Amino acid sequence: MDSAKLVLALLDEAYAKMTWHGPNLKQSIKGVTARQAAWRPGRGRHNIWEVMLHAAYWKYAVRRRIEGGKRGSFVLKGSNFFLRPEPGKLNEAAWSADKKLLEREHRALRVTVAKVLRTRRRAKLLPQLYGIAYHDIYHAGQIRLLRRLMEH
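What counts, and where the lines are drawn
- The written sequence of each chain sets the order in which its residues are numbered from 1.
- With pLDDT at 70 or above as the cut-off, local features in this predicted model cover only qualifying residues; side-chain atom pairs require 80 or more to be listed or tallied, and sums for whole chains, interfaces and linings still use all residues.
- Side-chain metrics in this entry use all non-hydrogen atoms of the structure; hydrogen atoms and water are not considered.
- Pairing of aromatic side chains here covers Phe, Tyr and the six-membered ring of Trp, requires ring centres within 6.5 Å, and sorts the geometry by plane angle: under 30 degrees stacked, over 60 edge-to-face, intermediate tilted.
- We count a stretch as a helix when DSSP gives it H or I for four or more residues in a row; a strand needs E for two or more, and each element gets its number in order from the N terminus.
- Only protein chains enter the accessibility calculation, which uses a 1.4 Å probe; a residue is then buried when its area is under 20% of its type maximum, exposed when over 50%, and partly exposed in between.
- Any carboxyl oxygen of Asp or Glu that lies within 4 Å of a side-chain nitrogen of Lys or Arg is treated as forming a salt bridge with it.
- A helix is expected to span 1.5 Å for every residue after the first.
- Identification of polar contacts relies on pairs of N or O atoms within 3.5 Å, with a donor-acceptor requirement for protein atoms, meaning one able to donate a hydrogen and the other able to accept it, and with residues adjacent in sequence counted only if both atoms are side-chain atoms.
- One confidence number per residue, pLDDT, is output by the predictor and ranges from 0 to 100.
- Simply put, an axis is a line fit to the C-alpha atoms, just over the touching stretch for a helix, and the angle between two N-to-C directions goes from 0 to 180 degrees.
- Each angle receives one of four descriptions, namely roughly parallel if under 35 degrees, roughly antiparallel if over 145, roughly perpendicular if within 65 to 115, and oblique otherwise.
- Any two residues whose heavy atoms approach within 4.5 Å at even a single point are treated as in contact.
- Under the convention adopted here, Pro, Cys and the residues Ala, Val, Leu, Ile, Met, Phe, Trp and Tyr are nonpolar, Asp, Glu, Lys and Arg are charged, and Gly plus all remaining residues are polar.

A.B. asks: Can you walk me through the packing of aromatic side chains in this structure?
C.D. replies: Here the distance between the centres and the angle between the planes together describe a pair of aromatic rings. For the structure on display, the rule yields seven aromatic pairs. Relative to Phe74, the ring of Tyr60 has its centre 4.9 Å away and its plane inclined at 40°; by these criteria the two rings are tilted. On the criterion of sequence distance, the pair formed by Tyr60 in helix 4 (residues 48-67) and Phe74 in the loop between helix 4 and helix 5 (92-116) is long-range, its members being 14 residues apart. Here the two residues Tyr60 and Phe74 agree in accessibility, since each one is buried. Site record: aromatic cluster; members linked through ring pairs are Tyr57, Trp58, Tyr60, Phe74 and Phe82.

Next comes the structure, spelled out in structure tokens:
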């Protein structure tokens, strides 16, 4: 398998394709309610909702770096982690909207990666591209752990 196909396979597996190692990012949030997504394991700790948006943000950030986009152009104000739920928005509609944002960012990243992998820039970008797939898997595991902690 060439490196371009490998990168796309890694991105797909880390986000949504069936895996041998357990849930990927999309599977890790499947069936989670807004109330569960908002649960915090302790004061000042991130919840599932925030971790999921963090993953969406870094998909955007890698895509922006590849495309040469303007810093600060993410659809949400801020960067890295976003406080969730927003005041008065602990509801399924807000949770669903943010899950859709993750999906959109993943699709946009995948389109951009598929294009850049056909260029000479791909060799320079490979570490970032592998890294964003690893980032999804890392946070999928973190979300699964938060789900387990919530049960106790």
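A.B. asks: Please clarify how the pattern of salt bridges should be interpreted in this entry.
C.D. replies: This structure, assessed with the given rule, holds 10 salt bridges. Residue Asp12 is joined to Arg110 by a salt bridge in which the shortest nitrogen-to-oxygen separation is 2.6 Å. One end of the pair, Asp12, is in helix 1 (residues 3-15); the other, Arg110, is in helix 5, and 98 residues separate them in sequence. Across the pair Arg40 and Glu50 runs a salt bridge whose closest N-O atoms are separated by 2.7 Å. Placement of the pair is Arg40 in the loop between helix 3 (34-38) and helix 4 and Glu50 in helix 4, with a sequence separation of 10 residues. The buried category is assigned to Glu50, whose relative accessible area is 2%. Within this structure, Arg84, Glu86, Lys89 and Asp98 form a network of salt bridges that share partners.

A.B. asks: Could you clarify how one ought to interpret helix 5 in this entry?
C.D. replies: Every α-helical turn comprises 3.6 residues, leaving residues that sit three or four positions apart pointing alike. Compared with the 36 Å implied by 1.5 Å per residue over 25 residues, the 36 Å span of helix 5 between its first and last C-alpha is a close match. With a side-chain oxygen positioned 3.2 Å from the backbone nitrogen of Ala93, the residue opening helix 5 is Asn91.

A.B. asks: I'm lost on the confidence of the model for the protein chain in this one. Help?
C.D. replies: Note that predicted coordinates carrying low pLDDT should not be read in detail. Mean pLDDT over the protein chain works out to 95, with 99% of the residues at or above the 70 mark. Within the protein chain, helix 1 has the poorest average pLDDT of any element, 93, and helix 3 the best, 98.

A.B. asks: What am I meant to see in the packing of helix 1 against helix 5 here?
C.D. replies: Angle between the axes and distance between the axes: these two values describe a pair of packed helices. At a minimum axis distance of 10 Å, the contact between helix 1 and helix 5 shows a crossing angle of 170°. With respect to each other, helix 1 and helix 5 are oriented roughly antiparallel. The residues of helix 5 that touch helix 1, namely those facing Val7, Leu8, Leu11, Asp12 and Tyr15, are Leu102, Glu103, His106, Leu109, Arg110, Val113 and Ala114. Residues of the contact of helix 1 with helix 5, tallied by class, amount to eight nonpolar, one polar and three charged.

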